[in-house]
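What the coordinates show
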Amino acid sequence: MSVSDIEEQIREAYKFDVSTATISRITSRVTEDIVAWQNRPLEPVYLIVCMDGIVFKVRENSKVVNKTVYIAVGLKRDGLKEVLGMWLGKNESAAYWMTVLTDLKARGLEDILITVTDNLNGFTQTIKSVFPQSATQVCVVHQVRNSCRYVAWKDKKEFTADMIDVYAAPTRQAAMAALDALDAKWSAKYAYAIKSWRENWEELTVFFDFPLEIRQIIYTTNLIENLNGKIRKYTKNKLSFPTDEAVLKSVYLALREVSKKWTMPIRNWGMILNQFLTIFDKRARI
């Protein structure tokens with residue numbers, strides 16, 4: 001809520017006025033919390049880190065512009081999720097993600113075993129430049145959505161079902177065979193949608209290198225997608241924010257509320273941790 005929103009709500013609910021200056025002083029305490037939280041030390045290793053951006057409308061120089069809140073969520077060795085931070089910038093770009101990754105490293109993060117991202121151009125190379133050993137998986141769900149943008153509505157259901165055969169295949173070889181079948185069936189109508197699968201194939205199929213339990217975690221950005229949905233729920237009544245600070249306050253408070261419920265490790269964590277220790281050995285034991 002903006003300062004004026006809060007002022008109006010208090011007036012309606014409690015029948016007295018609180019000045020905007022007073023409200024600003026009270027809410028400024030949130031800014032202090034954000035600064036401390038954003039600069040806290042991180043663990044040296046996270047098994048999985050998912051990264052994504054959420055776009056908000058913000059007033060700037062008498063105009064309403066789109067700005068992106070960049071969010072990173074890590075999976076710790078105890079199986080619990082942790083929001084590593086949030087950063088506000090202009091439209092999502094690999095260049096700004098470099099700033100995010102550099103900040104994470106400065107706060108003590110030494111290694112990420114697996115990163116999961118959308119298929120933003122240049123993102124994988126950006127990650128490799130900061131965390132060169134990290135396995136980088138592009139989110140398959142993002143790829144499916146992007147492919148469907150080029151498919152007519154009447155064909156989407158059938159086309160999507162055929163794409164499922166690709167990423168639900170048991171092996172990378174079987175997935176390639178399913179992609180070839182998709183190509184043979186649909187390339188005459190939707191060549192561009194299939195071309196993007198081939199162009200991103202190496203990054204889309206990293207999850208096949210891991211056991212089924214790890215695959216189910218990393219083939220999509222679900223670790224962060226669910227969080228983004230909750231943030232949208234908390235901020236949906238705000239068509240635009242008056243300042244950058246207002247966006248960060250709102251997102252931070254939403255993150256704080258959602259993460260209160262992250263008290264249990266993910267399902268089958270004992271087995272999954274053993275798989276990580278077997279595959280990554282010393283890197284997972286730091």
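Coordinates for the structure precede this section.
These notes cover the structure that comes with them.

Analysis parameters
- Residues numbered from 1 in each chain as written.
- Predicted model: local features only at pLDDT ≥ 70, side-chain atom pairs only at ≥ 80, totals over all residues.
- Heavy atoms only, no water.
- Pairing = 2+ DSSP bridges.
- Helix = DSSP H or I, 4+ residues; strand = E, 2+ residues; numbered from the N terminus.
- Core = buried A, V, L, I, M, F, W, Y, C linked by side-chain atoms within 4.5 Å.
- Buried < 20%, exposed > 50% of the residue type's maximum accessible area, 1.4 Å probe, protein only.
- Contact = heavy atoms within 4.5 Å.
- Expected span 1.5 Å × (residues − 1).
- Arc of directions from axis to C-beta.
- 1 Å grid on protein atoms, 1.4 Å probe; cavity = no way out; pocket = protein on both sides within 12 Å on 5 of 7 lines; lining within 4 Å.
- Points joined across faces, edges and corners; volume = space filled by probe spheres on them.
- Nonpolar A, V, L, I, M, F, W, Y, C, P; charged D, E, K, R; others polar.
- Salt bridge = Lys/Arg side-chain N within 4 Å of Asp/Glu carboxyl O.
- Axes fitted to C-alpha atoms, helices over the stretch in contact; angles between N-to-C directions.
- Parallel < 35°, antiparallel > 145°, perpendicular 65-115°, else oblique.
- Left-handed = near helix turned anticlockwise from the far one by under 90°.

1. With respect to the pairing of strand β2 (residues 63-75)
Across 13 bridges, strand β1 (residues 45-60) lies against β2 in antiparallel orientation. Bridge assignment links R59 to a residue of β2, and that residue is V64. Counted between consecutive antiparallel strands, the loop separating β1 from β2 contains 2 residues, among which N61 sits at a positive phi close to 55 degrees. Two successive antiparallel strands, β2 and strand β3 (residues 81-89), enclose a turn made up of 5 residues, where G79 displays a positive phi of approximately 85 degrees.

2. A word on the nonpolar core
Core analysis: the largest hydrophobic core is formed by 66 residues, its most contacted members being I48, I71, I114 and L227. Examining the composition of this core, we find that 9 residues originate from one element, helix α7 (residues 172-199), more than from any other. With residues near it in sequence (within four places) discarded, I114 still touches L47, I48, V49, S134, A135, F210, I214, I218, F276 and F280.

3. Observations regarding helix α12 (residues 269-280)
Taking 1.5 Å of rise per residue, 12 residues should cover 16 Å, and α12 covers 16 Å from first to last C-alpha, within 8% of that figure. Listing the buried residues of α12 in full gives W269, I272, Q275, F276 and F280. Taken end-on, α12 shows its buried residues confined to a sector of 120 degrees, consistent with a single buried face. Of the exposed residues in α12, the ones pointing more than 90 degrees away from its buried face are G270 and T278.

4. Details of empty space enclosed by the protein
Considering all chains together, one arrives at 1 cavity of 30 Å³ or more under this definition. Here the largest cavity defines a volume of roughly 30 Å³. V140, V166, Y167, A175, W197, W201, L204, T205, F207 and F208 together form the lining of the largest cavity. A per-class count over the lining of the largest cavity returns 9 nonpolar, 1 polar and no charged.

5. Some points on the pattern of salt bridges
The tally for this structure, following the rule as stated, stands at 20 salt bridges. Among the salt bridges present, the one from R40 reaches E82, with a minimum N-O distance of 2.9 Å. In this pair, R40 is assigned in the loop between α2 (20-38) and β1 and E82 in strand β3, connecting sequence segments 42 residues apart. Residue classification places R40 among the buried residues on the basis of a relative accessible area of 17%. The exposure class assigned to E82 is buried, which follows from its relative accessible area of 16%. The salt bridge involving K185 is made with D162; its shortest N-O contact spans 3.0 Å. With K185 in helix α7 and D162 in helix α6 (residues 153-167), this residue pair connects regions lying 23 residues apart in the sequence. Note on K185: relative accessible area 45%, which makes it partly exposed. With relative accessibility at 17%, the residue D162 sits in the buried group.

6. Side note on helix α5 (residues 140-148)
Along α5, the positions that sit buried rather than exposed are V140, H142, Q143, V144, S147 and C148. Tucked inside the fold, the buried residues of α5 contact β1, β5 (135-138), α6, α7, α8 (201-204) and α10 (222-235).

7. Side note on the environment of L227
Within the fold, L227 resides in helix α10. Along the primary structure L227 and A254 are separated by 27 residues, whereas in three dimensions their C-alpha atoms are 9.2 Å apart. Not counting the four nearest positions on each side in its chain, L227 is found in contact with I71, V73, V83, L255, V258 and W262.

8. A word on unusual backbone geometry
Unusually for a residue other than glycine, N268 sits at a positive phi of about 60 degrees. Relative to the elements of secondary structure, N268 occurs in the loop between α11 (244-259) and α12. Judged by relative accessible area, N268 falls into the partly exposed class, the value being 43%. Of note in the backbone geometry, D281 takes a positive phi value of approximately 50 degrees without being a glycine. Mapping D281 onto the fold places it in the segment after α12. Classification of D281 by relative accessible area gives partly exposed; the value is 39%.

9. Remarks on the packing of helix α3 (residues 94-106) against helix α4 (residues 123-130)
Two elements in contact, α3 and α4, have axes separated by 9 Å at closest approach and are oriented at 25 degrees. With respect to each other, α3 and α4 are oriented roughly parallel. Regarding α3 and α4, the two cross each other, and that crossing is right-handed. Touching A94, W97, M98, L101 and K105 of α3 are F123, T126, I127, S129 and V130, all from α4. Across the contact of α3 with α4, the residue classes tally to 7 nonpolar, 2 polar and 1 charged.

These values are about where atoms sit, not about what they do.
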